[in-house]
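Structural characterization, general
Listed here are the chains, written in short residue letters.
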Amino acid sequence: MEEAEINRATHTANPGYAAFQIAKALTTAERHDDPATRERARERITAWASVLTGMMNGSLTVGSRTPVENTPGWVTLKVVTGGFATGQFLASGPLLDHERALLERLSAAAEAEPRRRLNAHFLTDDGLSELQALLVSGTYDVSVPEEGALLAVAWLALNNQAEVARRLLDDLAPYFDKLRFYPSPADRPFQAGARVFLQSVGQSIAALERVKPNQRVQAHKEAVEVWVPLYDRLVGLFIETVVGELPNLVAGPGAKSRAADGKYAIAGGWPCQHYAADWPARARDWLETCRQSRTSHTLSSMPHGARHSLAQLSAYLERCVQDPRALTGRDVGRIRLILARYIAKRGAPGSSRCDQARIIQRRAVSGPVFGDLAGVLVQRLKRYPEDGGLDEVTAVTQPVTAEEVPGAGMSAAVTVPPSLVTKVERSLVDSVDVLVARGIITSGETLARLLPQITSHLRAAGIADPSLRGLYAAVYRAFRRRRSLLLFDLQSQIRIEELPWVAAIETFRRNDMPAKELARQTLAEVAVLTLTSFPHAILPNKLLQELRALSRTADLDLPLVDEVAADIFMGRFSLKFRQAALQAAVLLKGTIYQTYYGIDYGDLDRLPERPSARRWWQFWRRAKDEQPSPDPFAAHCARRAGVLLGGWDPATNGMIIEQQQILTSQNLAALFIALGLTDKLRNQMDGLARTCFAWVCRRQQVFSKDRHAQLIMVKNTAYAWRQMVFFLALSPQDRIDHFLTWAEAHLDKQAPDFKARFSPALRGLKLAASGRSIDREATAEAGARRFLGWSTQKHWLLP
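Conventions used here
- Residues numbered from 1 in each chain as written.
- Predicted model: local features only at pLDDT ≥ 70, side-chain atom pairs only at ≥ 80, totals over all residues.
- Heavy atoms only, no water.
- Helix = DSSP H or I, 4+ residues; strand = E, 2+ residues; numbered from the N terminus.
- Rg over C-alpha atoms; globule rule 2.2 N^0.38 Å.
- Contact = heavy atoms within 4.5 Å.
- Areas by Shrake-Rupley, 256 points an atom, 1.4 Å probe, with all protein chains shown as cover.
- Disulfide = S-S within 2.5 Å.
- Buried < 20%, exposed > 50% of the residue type's maximum accessible area, 1.4 Å probe, protein only.
- Pairing = 2+ DSSP bridges.
- Axes fitted to C-alpha atoms, helices over the stretch in contact; angles between N-to-C directions.
- Parallel < 35°, antiparallel > 145°, perpendicular 65-115°, else oblique.
- Phe/Tyr/Trp six-rings, centres within 6.5 Å; stacked < 30°, edge-to-face > 60°.
- Lys NZ or Arg CZ within 6 Å of the ring centre and 35° of its normal.
- pLDDT = per-residue confidence, 0-100.
- Core = buried A, V, L, I, M, F, W, Y, C linked by side-chain atoms within 4.5 Å.
- Polar contact = N/O pair within 3.5 Å; in protein donor to acceptor, adjacent residues only side chain to side chain.
- Patch = residues over 30% accessible without salt bridge, like charges linked within 9 Å, V, L, I, M, F, W, Y side chains within 5 Å.
- Salt bridge = Lys/Arg side-chain N within 4 Å of Asp/Glu carboxyl O.
- Lys, Arg positive; Asp, Glu negative; His and termini not counted.
- Charge placed at Lys NZ, Arg CZ, Asp CG, Glu CD.
- Arc of directions from axis to C-beta.
- Left-handed = near helix turned anticlockwise from the far one by under 90°.
- Nonpolar A, V, L, I, M, F, W, Y, C, P; charged D, E, K, R; others polar.

Assigned secondary structure in the protein chain consists of 34 helices and ten strands. Scaling as 2.2 N^0.38, a compact globule of 799 residues should have a C-alpha radius of gyration of about 28 Å, whereas the protein chain reaches 35 Å, well beyond that. The long-range share in the protein chain, meaning contacts at least 24 apart out of those at least 6 apart in sequence, stands at 70%. Within the structure as shown, the protein chain displays about 38,000 Å² of accessible surface, and the carbon and sulfur contribution to it stands at 52%.

Here it is as C-alpha cells:
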C-alpha cells in the first residue's frame, strides 16, 4: 500500500490517496497508445471518483467491515486497489443479458424496478420451480455470492423449511430493487474436483483477441512485399538512362568502398543520359502507383524517410518527368551513387543475384503474422464450451496450416509461437502439481486463485443433499472472489458463514470425518506444493485465506498470520501472532535459526498475553494525563528491532513487523508442526535452501533505477533469506556444512561488486552455523552482518 493511504493524525483513510489514483488514471486515459488500456483507465477514474465522493460526504467509512452507509457486511462491494470500497455493489449495476431475456418472457421489459420484479418472480410458484430445477441439474452460475440466495430459499421451501426461508427473505427483501439474488443459467454444471484450470476457454479467447500485430514486423512485411518491388522498378528505370557500363563501387584499401578521404570510388557510366521514347510514360505510371501505395500502405518508412534511397530517387524521377534538364550535375552524381551502391550490394534488378536476395527476403516475411495465428487459435477454441477448460491443448496449439490462413503465402505449416501457446495453456485442466510443473501456476498468488475450485467441494462435503452441496460450493467459489477490504483495529474480513443464505443452510452440514481427513490431506499437499515450488516466497495473504478454510474443514487450529502492511500497522498484533511465535519456539529452539536471529525464547514465554492496565484502544489516545499501554508482543518486536513503538514511519513499522515475522517464522513453523512436514520434506530441506540462496543472488542483481523498487527487492530477498535459514534449521549439521560450502562457491561465480557487497551476509550465516552470536562477535569476524530487509537508514546492500 502507498504511504498516503492513512491519515496518521486522525486514524482515518486519506482522501488524497483517492485523488492521486484519479490523477494517475487520467494520465493513462489521455496518453496511452492502447484504446483498451485507456478504457480501463476511464473505468478506474469512475471507481475512484466514487471512493473520493463517498469519503468526502461521509457515506463511506474506510477501514470498517461495513464501509457503505446503511449496508450490511454481507453485500459484495466493488473494491479498488488498497481495499477501498467504492460504494457500488457487484450484484447491482446494468441488467445482464439473461435478465433482459427473462423480463421479455415475463412481459415486464418496461418495469420501473426491473430487479425487484425479477426477484419477486422467483418467489412465485413458477419461479421457485425454475430455481428448484436449476438446483437439481446444476446448470447455473453464481458469479457473486448474492446470486445464490434465492436458490437457498428454493431449497428450503422444497425441504419443508418454510420458517427458515421466511427469515432469510426478511434479510433479503430490503435489497430486492438493487441486487441480483438469482443465478445466471449455464450450459452445463460446474465440475469440481482435484483438477483445476487457471482461466476458462472464454477468457483465453478474449486474451487472444487482444493480441495486436507487431507494428515493426508489419512495417517490415509491408516494406518487403510492397516497397521493395517498387524500389527495384525505380532503380531499373534509372539504369535504362545510363550510357556505358553500369555504375558500381570500386573497392578501396582493405576491400573497403570508401577512399581515404571518405568518398566513394565509383566506376561505370552516368545515369540520366538517354531516355527511351516510352520512358516518361512508364515513369509517370510508377509515380502514380507510388502515390496510391503511399495512401494504402502507411506502415513502412521507406517511401517517406528523406535519407532512404527510394524517397530520394522518387523525387529525382518526378523532376526527370517534368524536365530532365532541371537536374544539376550534383543531382546526377547522387543518382549515380545510389545506383552504384544498389548494384554493389545485390546486383542489378533482374539479375540472378538480385532475384535470389529478394526471394530470401520474401520468404522471411511470408506466412501469417502474430495476429493471424492468434485468430486461428480463437477459431479452434470456439469449438469448446467457453465456461470450461481444456482437457488437452495439443489439438488447439498444433501447427497452423495454409488452409487456416488463406492468402498468407504459406508453403508449409507454421509452428504456434510459445507466447500464444502459453495463453491457451492457461485453460488446461489438470492437477495443481502438473500446472506448477508446466509453469502455468507461477506463484502462490496464482495458486490461491485456483484453490477455491478444490476447496469448494471439500467445504461442501459435509452436506448430504447433492443439490444443496452444489449450491454451497458455487456460493463458496464466488465468495472467494470477493476482494478484501482495508480494515482498521484488527477487524476481520467478512466470513462466508455471515452470509444469511449460507447461515440458513449451515445447519444441514453434518460432522463428516472423511471430509475432515480429505481436507487435512489437501491442506498438506497444497502446503508442500507451495513450499517446494516457491520456497523463496512467503505465503501470500490470499493463499492463507484458502489454507484457513481448509484447516477449518479439517478441524485444525492453525495460527496462520497475514503479512501486515507497514503503512497501516497500528502498533498491535492479535493474539494469534503470539501463539504462532510460541509454536515456532518449540520447533526452532536450539537451531541455527535461533542463533542467527539472536532470539531469546525465554523472553517470549514471559510476555503477558494482553496489556495489563488498559484496553487496547487506549493505546491510541493522546490525552496528556494518560499513559499508553502497548501490546506486549508488539513492544517486544520493537525492542528487538531497536525502535520505538507507536510511530507512524513505515520503515520503523516495517522493522517491527519483520521481527514479528522472524519470531513466528511467518507461518512455516505452524504448518510444519500441524501437518508433520518436517518428515515429509526432510530430504529436501537443503535443496530448498539452495533454491532460496540462488534466487536471492539473482534477484539482488536485477538493476532498477527506481528507489521504491530497490527497497521492495531488499525486503523480498530478506524474506527469502529468512525462509532459507528456516529450512537449514531443520537440516542436520552435515547438510548445513555442505550448504555453506556450496553457497560460498555459488557466490564466487557472481559479479565481483555483488560478491563484495553480499559477502557479509554469508559470513553472518557461517558464524551462526558455528554456534556463535552475530551480535557479540560481528566486529571480530570481519564484517559479518545479519541480513534484514527493513531499515530506517540507507540499507547496507544498496549501492
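Looking now at the state of the cysteines. According to the stated counting rule, one finds zero disulfides in the structure shown. Unpaired in this structure, Cys-354 has its nearest cysteine sulfur neighbour in Cys-290, at a distance of 18 Å. Note on Cys-354: relative accessible area 1%, which makes it buried.

Where a strand is regular, its side chains alternate between the two sheet faces. Note: strand β3 (residues 77-80) against strand β4 (residues 84-89), three bridges, orientation antiparallel. Among the inter-strand pairings, Val-79 is bridged to a residue of β4, identified as Ala-85.

Mapped onto the secondary structure, Ser-309 falls in helix α11 (residues 309-322). Counting along the chain gives 101 residues from Ser-309 to Leu-208, while the straight-line C-alpha distance between them is 39 Å. Here Ser-309 is in contact with Tyr-231 and Ile-338, once residues within four sequence places are set aside.

So, about the packing of helix α32 (residues 733-748) against helix α33 (residues 752-769). Where α32 meets α33, the axes come as close as 11 Å, and the angle between the chain directions of the two elements is 170°. With respect to each other, α32 and α33 are oriented roughly antiparallel. Judged by residue contacts, Gln-733, Ile-736, Phe-739, Leu-740, Ala-743, Glu-744, Leu-747 and Asp-748 of α32 engage Phe-754, Lys-755, Phe-758, Ser-759, Leu-762, Leu-765, Lys-766 and Ala-769 from α33.

Once that is clear, we can look at the packing of aromatic side chains. Under the counting rule described, the total for this entry stands at 28 aromatic pairs. Taking the centre distance of 6.3 Å and the plane angle of 50° together, the rings of Trp-74 and Phe-181 count as tilted. Here Trp-74, found in the loop between α2 (35-57) and β3, pairs with Phe-181, found in the loop between α7 (162-172) and β6 (184-185); they are 107 residues apart in sequence, far enough to count as distant. Of the two residues, Trp-74 and Phe-181, both sit in the buried class. Counting every residue linked through ring pairs, the aromatic cluster contains Phe-693, Trp-721, Phe-739, Trp-742, Phe-754, Phe-758, Phe-787 and Trp-796. Against the face of Trp-270 rests Arg-336, its NZ or CZ located 4.2 Å from the ring centre.

Glancing now at the confidence of the model for the protein chain. With 92% of its residues at a pLDDT of 70 or more, the protein chain has an overall mean of 86. Below pLDDT 50 for its whole length, residues 1-11 participates in 34 contacts with residues either more than four positions away or in separate chains. Overall, residues 612-627 carries pLDDT values under 50, and its contacts beyond four positions in sequence, including any with other chains, amount to 20 contacts.

Core analysis: the largest hydrophobic core is formed by 124 residues, its most contacted members being Tyr-593, Phe-693, Trp-721, Met-724, Phe-758, Leu-765 and Phe-787. Among residues more than four places away in sequence, those in contact with Trp-721 are Tyr-596, Tyr-597, Phe-693, Val-696, Phe-758, Ala-761, Leu-762, Leu-765 and Phe-787. Core analysis: the next-biggest nonpolar cluster, separate from the first, contains 60 residues, Leu-135, Tyr-140, Ala-474 and Ala-478 among them.

Attention now moves to the side chain of Thr-717. Position of Thr-717 relative to the elements: it lies in helix α31 (residues 707-729). A polar side-chain atom of Thr-717 sits 3.0 Å from a polar atom in the side chain of Gln-700. Ignoring sequence-local partners within four residues, the contact set of Thr-717 consists of Trp-695, Val-696, Arg-699, Gln-700 and Phe-787.

Side chains of Lys-24, Arg-40, Arg-44 and Arg-210 sit close together on the surface and give a patch of like positive charge. Residue position: Arg-40 is located in helix α2. With relative accessibility at 40%, the residue Arg-40 sits in the partly exposed group.

Time to look at helix α4 (residues 114-121). Residues that lie three or four places apart on an α-helix share one face, since the helix turns once every 3.6 residues. Within α4, burial applies to Pro-114, Arg-115, Leu-118, Asn-119 and His-121. One side of α4 carries all its buried residues, which in axial view fall inside an arc of 160°. The inward-facing, buried residues of α4 contact α3 (97-105), α5 (125-137) and α6 (149-158).

Another point: unusual backbone geometry. Positive phi outside glycine occurs at Ser-107, with the angle close to 55°. Inspection of the secondary structure puts Ser-107 in the loop between α3 and α4. Overall, Ser-107 belongs to the exposed group, its relative accessible area being 70%. Even without being a glycine, Asn-667 presents a positive backbone phi close to 85°. Structurally, Asn-667 can be placed in the loop between α27 (650-664) and α28 (668-675). The exposure class assigned to Asn-667 is buried, which follows from its relative accessible area of 1%.

Attention now moves to the packing of α31 against α33. The contact between α31 and α33 brings their axes to 13 Å, and the two run at 25°. By the criterion of interaxial angle, the relationship of α31 to α33 is roughly parallel. Along this stretch, α31 crosses α33, giving a crossing that reads as right-handed. Contacts between α31 and α33 involve Trp-721, Met-724, Val-725 and Leu-728 on the former and, on the latter, Phe-758, Ala-761, Leu-762 and Leu-765. A class-by-class count of the residues in the contact of α31 with α33 yields eight nonpolar, no polar and no charged.

The next point concerns the environment of Ile-454. Structurally, the position occupied by Ile-454 is in helix α18 (residues 444-459). Spatially, the C-alpha atom of Ile-454 lies 26 Å from that of Arg-180, the residues being 274 residues apart in sequence.

With that out of the way, let us pick up the side chain of Gln-750. Relative to the helices and strands, Gln-750 is located in the loop between α32 and α33. Accessibility expressed as a relative area gives 19% for Gln-750, which makes it buried. Look past the residues within four positions of Gln-750 in its chain and what remains in contact with it is Cys-697 and Gln-701.

Looking now at α28. Among the eight residues that make up α28, six are buried, leaving the element largely enclosed by the rest of the structure. Among all positions in α28, only Leu-668, Ala-669, Ala-670, Leu-671, Phe-672 and Leu-675 are buried. Trailing α28 by a residue or two, Gly-676 shows a phi angle of about 65°, which is positive.

Attention shifts here to the environment of Arg-38. Along the chain, the position of Arg-38 falls in helix α2. With twelve residues separating them along the chain, Arg-38 and Leu-26 place their C-alpha atoms 8.9 Å apart. Dropping the residues within four chain positions of it, Arg-38 is found in contact with Thr-28, Ala-29, His-32 and Asp-33. A polar side-chain atom of Arg-38 sits 2.7 Å from the main-chain carbonyl oxygen of His-32.

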